[in-house]
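# Chain and residue survey
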Amino acid sequence: MFSSQTGEWETPASFFAVLNSEFRFTLDVCARPENAKCPRFFSPEQDGLRQSWAGEICWMNPPYGREIGKWVRKAFEEARRGAVVVCLLPSRTDTRWWHNYVMRAAEIRFVIGRLRFGGAPGSAPFPSAVVVFRPGEHQLRMSSMHARIPNFEKGVERQCQALNSRAANRRGSGPTP
């Protein structure tokens, strides 16, 4: 989904595949069946803000509307409870949630260029960052990564195809518990 009206911006499959190869995510904390990036996910009905993420390796691409601060605070808090939380966020360094929580993360990776979110006709109108919250790590490291990864290897392409296939299979089956 690509919509400033809903605040939902579907993670680009190839971008996710690169991060998943590094982190091996176990849970997508805010997804819909049609865009979930992990076999286990929390749907809007399950409300990931009300669930425990402790002990999980979480992927989080939250809705980018007014509620985003609640999601970032939850990621920070769940890392303190033992979760690793990797967030794809708009790089809004002028916001309160950025300074209160993101600046206390273990790592910020500023994305070079603009991401093209799933189903979008063009690149996003805002810069993005990958923010990593880890249990017990508060020594902030900053780096950058490219929005478009050059020379994709066949393995990453296969991962993207597998993700798309799993998402297509879930569309008719509803959310997972």
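Just above sits the structure.
Not measured: the values here are computed from a predicted model. In this numbering scheme, every chain counts its residues from 1 along its sequence in written order. Reporting of local features is limited, given that this is a predicted model, to residues whose pLDDT is at least 70; pairs of side-chain atoms are given and counted only at 80 or more, and all residues count toward the totals for whole chains, interfaces and linings. Side-chain calculation: all heavy atoms of the structure are included, whereas hydrogens and water are not.

The next point concerns the state of the cysteines. Two cysteine sulfur atoms form a disulfide, by the criterion used here, when they sit within 2.5 Å. Taken as a whole, this structure holds zero disulfides when the rule is applied. Left unpaired, Cys-58 is separated from the closest cysteine sulfur, that of Cys-38, by 8.6 Å. Not part of a disulfide, Cys-87 finds its nearest cysteine sulfur in Cys-30, a span of 8.6 Å.

To continue, consider unusual backbone geometry. For Arg-24, which is not glycine, the phi torsion reads 60° and is therefore positive. Under the scheme used here, helices are H or I runs from DSSP no shorter than 4 residues and strands are E runs no shorter than 2 residues, and both carry numbers assigned from the N terminus. The topology assignment puts Arg-24 in the loop between helix H1 (13–23) and strand S1 (27–28). The phi torsion at Asp-47 lies on the positive side, around 55°, for a residue other than glycine. Relative to the assigned elements, Asp-47 resides in the loop between S1 and strand S2 (57–60). Judged by relative accessible area, Asp-47 falls into the partly exposed class, the value being 23%. Think of it in three bands: with a 1.4 Å probe and only protein chains considered, a residue is buried below 20% of the maximum accessible area for its type, exposed above 50%, and partly exposed in between.

In this scheme Phe, Tyr and Trp rings, the latter by its six-membered ring, pair at centre separations within 6.5 Å, and the angle between planes marks the pair as stacked below 30 degrees, edge-to-face above 60, and tilted otherwise. In the structure shown here, the tally under the stated rule is ten aromatic pairs. Site record: aromatic cluster; members linked through ring pairs are Phe-16, Phe-23, Phe-25 and Trp-59. Lysine and arginine charges are scored as sitting over a ring when NZ or CZ, respectively, is within 6 Å of the ring centre and within 35 degrees of the ring normal. One cation-aromatic arrangement involves Lys-74 over Trp-53; the distance from NZ or CZ to the ring centre is 5.5 Å.

Turning our eyes to something else, we now look at the pairing of S2. Remark: a regular strand shows side chains that alternate across the two faces of the sheet. Here two bridges tie S1 to S2, and the two strands are oriented parallel to one another. Bridging from a neighbouring strand, Asp-28 pairs with Trp-59 of S2. Strands are treated as partners if at least two bridges between them are detected by DSSP. Bridge count for S2 against strand S3 (residues 84–90) is four bridges, and the pairing is parallel. Bridge pairing in S3 places Ile-57 opposite Val-84. Handedness of the crossover joining S2 and S3 through helix H2 (residues 68–80): right-handed. Place the viewer so that the strands point away; then a crossover is right-handed whenever the path from the first strand over the helix to the second strand goes clockwise.

Such coordinate-based values are descriptive only and should not be taken to indicate function.
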